[in-house]
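# Report on the structure
Next come the chains, spelled out residue by residue.
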Amino acid sequence: MEFKTVLTVCPYCGCGCNFYLEVLDGKVIGTIPCKTSPVNEGKLCIKGWNVHEFIQDPDRLTMPLIRENGSFREAGWDEALDLVASKLKKIKEQHGPDSIGLFASAKITNEENYVIQKFARAVIGTNNVDHCARL
Amino acid sequence: MTNSVDEFELSDCIFITGSNTTSSHPIVATRILRAKKKGAKIIVADPRRVHIADLADLYVSHRLGTDVALLNGIMYVILDKGWENRAFIEERTEGFEEFEKVIKDYPPEKVAEITGVAEKDIETIAHWYATAERGSIAYCMGITQHTTGVDNVKTLANLAMLTGHIGREGTGVNPLRGQNNVQGACDMGGLPNVYPGYQPVTQFQIKEKFESAWGAQLSDKVGLTIPEMTSGLLEGSMKAVYIVGENPLLSDPDASHVEEALKRAELVVVQDIFMTPTAELAHVILPAACFAEKDGTVTNTERRVMRTRKALDPPGEAKTDWEIIADLSNRMGYPMDYSSAEEIMREIASLTPSYGGITYERLEGEGLQWPCPTKDHPGTRFLHKDRFVRGKGLFHAIEFKPPAESTDDEFPLWLTTGRLYFHFHTGTMTRKSGALTGEIDEQYVELNPEDASQLGISTGDEILLTSRRGQIRAKALVTDRMKKGEVFASFHFVESNANILTNPAFDPIVKIPEYKVCAVRVEKAAS
Amino acid sequence: MIEKVIERVKELLEGGEIKGFVGLCNKNGHTAPYLFTEVAELDHLVVGDFQNPGDARYPLNKLLIDLYRAYPEEKFGVLVRGCDERGLNDLYVWNQLTPKNVVAVGIPCPQELADACGCPKPYPDNSVAEPIAEGAEAQDLIRMEALGVKERFTQWMEVFSKCIKCYGCRDICPMCFCKECSLELDELIPRGEMPPEIPIFHLVRAVHMAGRCIDCGLCNEACPVDIPLRTLYKKVGDIVYRKFNYRPGFDKGKSPLNVLENK
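Residues take numbers from 1 onward in each chain, read along the sequence in its written order. All chains are assigned letters beginning with A, and all ligands numbers beginning with 1, in the order in which they are written. Totals for whole chains, interfaces and linings use all residues, but because this is a predicted model, local features are given only for residues with pLDDT of at least 70 and pairs of side-chain atoms are given and counted only at 80 or more.

Residues and elements named next belong to chain B. In spatial order, the strands read S16-S20-S17-S19-S18-S23; together these six strands close into a barrel with mixed pairing. Mean inter-strand twist for the sheet, computed between neighbouring axes without regard to direction, equals 45°. The criterion for strand pairing is that DSSP finds at least two bridges linking the strands in question. To qualify as a helix, a DSSP run of H or I must reach at least 4 residues; to qualify as a strand, a run of E must reach at least 2; elements of each kind are numbered from the N terminus. Two strands pair when backbone bridges link them, and strand S16 (residues 413-418) and strand S20 (residues 486-490) are joined in this way by five bridges, in the parallel orientation. Its bridge partner lying in S20, Trp414 is registered against Glu486. Lines are fitted to the C-alpha atoms to define the axes, a helix being fitted only along its stretch in contact, and any angle between axes, read from their N-to-C directions, falls within 0 to 180 degrees.

Encoded structure:
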């Protein structure tokens, strides 16, 4: 038996409410608002209260997928990433770094956004990196 | 936000505009409603009579896209009555004379005509806000998602400077950010013109600093925004897009145009947690970990950097976004050998002055609000205390401009778009939740009873909503929350996507699309 | 007091009497609801007084129910105050927990907290320490009752109109365990509307709290728009007490409103 309460931040709006995810034997079974949070003081909206419902949805993507003849087939990480790397390299050589763009995300962490813009700038060589701040 | 969320409780007048606060930022609304209980005056200006308008001391419904006119009218009254803060204007600002000249053109009678707001209400707003001890402004996408988005924001800044309601606790110009890490994505340089910490890509010393830190040649050419990348794909100058955790097919204006653009790309990579409509168009899909499956930080609307923590392993082969990018980078010959998110944060802190004092250890407890430049800095509750970033605050002389699109006989109504309380953004997460879909799981287009009766439409009827770009089918919800001539649709539902209709006209400076106003026609659908 | 709680839990864990202890833990600079399974972890045990007495209380009995449902054969300890113990008593009555699976480790509340809660019995029977406060009267209810009907109605409608339908009052409630909830019945309260229809949403919940609410006040603290829900539920509790002489958790036997058969 393993039961955990893990303090984290709501993935929805910009309020940044803190809550505990209740995890029993590898299954997330509930959300408990954090009362000592300076942001939400133990309160949540309906979206926050139910955030545990989508996390382990059976529709989550679990394998890299490659399009082939109009449909997707499962692939390993090596195959998928080698394919992306070779295509990006080829496009960069043929059309220049500014023919490639990256969409960073307002729904991932700071560390991940940092790594994505670093990848765009240092690896691809373009400042074509943006996210949906305006949307 | 210039100020912190809990500071709303200290305000004695809160002016909310273009924000459906109880619905889209419920926990910010908590503080605003507490302020009201303590006696603060709450003013709501919004074309839609949103829930918080019911709870306000004064609600005005200006016509869509007339924000600058309304605000200039309020400032006309403030100047006319001598309610401006002369000391603040003289000590802390510049550009006042030019600004004042423009304001003189916005007497209440003219503004009432443009906006549909009664003169006496314009005067009351001016009175309450200007004479408050601590006046605070809260706004959201109702202000920014216009071709005049920048004008609207600058006009709000004018209002705060005119009255000196900035740089103190309980005051400020407070944009409520719509996604849990939209602040952080901007802070981290997820923008085409700046490195982390808003350091311009065009500045030589900055470029040099990053070149030496990253050991790579960098470009000093400002990159493309998302709408520009879409156009680039259509024109053929762009060949590949790598999309992480975004669903532009639903979230971008004129969705058919976005779909066409993605179909023309040589390479579309989508890294996401679900098979989104955008992912359906990808050549390669990479499965990502969701928020509950990784360590890291996010930065909320009040600039508070907070820890997210791993509660679960990602499903199947899914990995965190940073692990995938680092792996790809290694395969492209640029080594990224981070061992943890914490290690990445150390690099961020070393290159980003406003995050300089942030460490995981210090984030335990309440987190830290940037700017936090050094390891012993306590973080910053509110900005612009003694000076603005540029030194003096600059008044902008801004004239009212109408929306990009006009109504006509064929498209006689205005459409405005936004979120519902029960769902989030493009619905990829919230539509997996039974508790939320049990509340509502389909598009209801909201329209005014008078328009509805003229069109012979009742709540629950199937209708067609058509703009110059496309058509969607939806159900009707007849409600007096909408005023005559204006209708509302959300963008949560792929099968009835409001962004098929919206106008890809952008603010010339920041390229934000005009989601909040376009011309449409409503008709009853043949059953 | 914390030392006494730790001592007792240590005894229970070391003696193998319980599988784990549902309590509160000082973690990440916050007070977290937590399952203690190792004696070594007990250094981090707290009782929920973060900045003020009782300001970091959590519905621990609700966590206990989750564990009981997954591990019905195991026995768990749980940290209780007076209200939580009443909750346990009532959850036994409603067959949501069984006494043989639970060891309550109780702590008394200080007078400040008892007064703020208007708590009639701010201490549990099974306690590691003697009571330190006397029962207090519910001042909020007294104040509300002093108003005229019209004024009361206006005040309630005003506070209900702020509701954002988060269901937090229900979701935090240690006594809400139904698989199907009347608040989600479209026929009673149209779904998908925010604000929800008032006052029906709140009255439906209030009726369901009659004979069940143990007056812990967690609903008040979870409400994002500060609706004084506790006062409302105190009132329905008061009516049930006067009509049926029954107070949930205090009195043995079934609630007069419990139509479930005993197992």
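Here the narrative resumes.
Residue and element names in this part refer to chain B. With C-beta atoms placed from the backbone, a residue counts as buried when 20 or more other C-beta atoms lie within 10 Å of its own, as exposed when 12 or fewer do, and as partly exposed for counts between those limits. Taken together, the buried positions of helix H6 (residues 96-103) are Phe96, Phe99 and Ile103. Summarising the axial view, the buried residues of H6 lie within an arc of 65°, below the 170-degree limit, and thus occupy one face. Summarising the geometry of H6, the exposed residues directed more than 90 degrees from the buried face are Glu97 and Lys101. The directions considered for the arc run from the helix axis to the C-beta atoms.

Before going further, it helps to examine unusual backbone geometry. Cis peptide bonds are those with omega within 30 degrees of zero, and the linkage from Trp370(B) to Pro371(B) qualifies with 0°. The omega torsion across Met194(C) and Pro195(C) is 0°, close enough to zero to call that bond cis. Mapping Pro195(C) onto the fold places it in the loop between helix H7 (168-171) and helix H8 (200-209). Despite not being glycine, Asn95(C) has its phi angle at roughly 60°, a positive value. Residue position: Asn95(C) is located in the loop between helix H3 (82-93) and strand S5 (102-106).

Right, let's get into the interface of chain C and chain A. At the interface, 25 residues of chain C touch 20 residues of chain A. Listed by contribution, the elements that provide at least two residues to the side of chain C that touches chain A are strand S2 (30-36), helix H2 (60-70), H7 and helix H9 (218-222) of chain C. When residues of the side of chain C that touches chain A are assigned to their parent elements, the largest contribution, six residues, is made by S2(C). When the residues that make up the side of chain C that touches chain A are grouped by side-chain class, the tally is 16 nonpolar, four polar and five charged. Any residue pair is listed as a contact if its two C-beta atoms, each placed from the backbone, are within 7 Å. As a working rule, the residues Ala, Val, Leu, Ile, Met, Phe, Trp, Tyr, Cys and Pro are called nonpolar, Asp, Glu, Lys and Arg charged, and the rest polar, with Gly in that last group.

Here the focus is the confidence of the model for chain C. Across the chain, each position has a pLDDT score giving the predictor's confidence in that residue, from 0 to 100. Summarising the model, chain C shows a mean pLDDT of 94, and 98% of its residues fall at 70 or more. The ipTM value of the predicted complex is 0.98, and its pTM value is 0.96.

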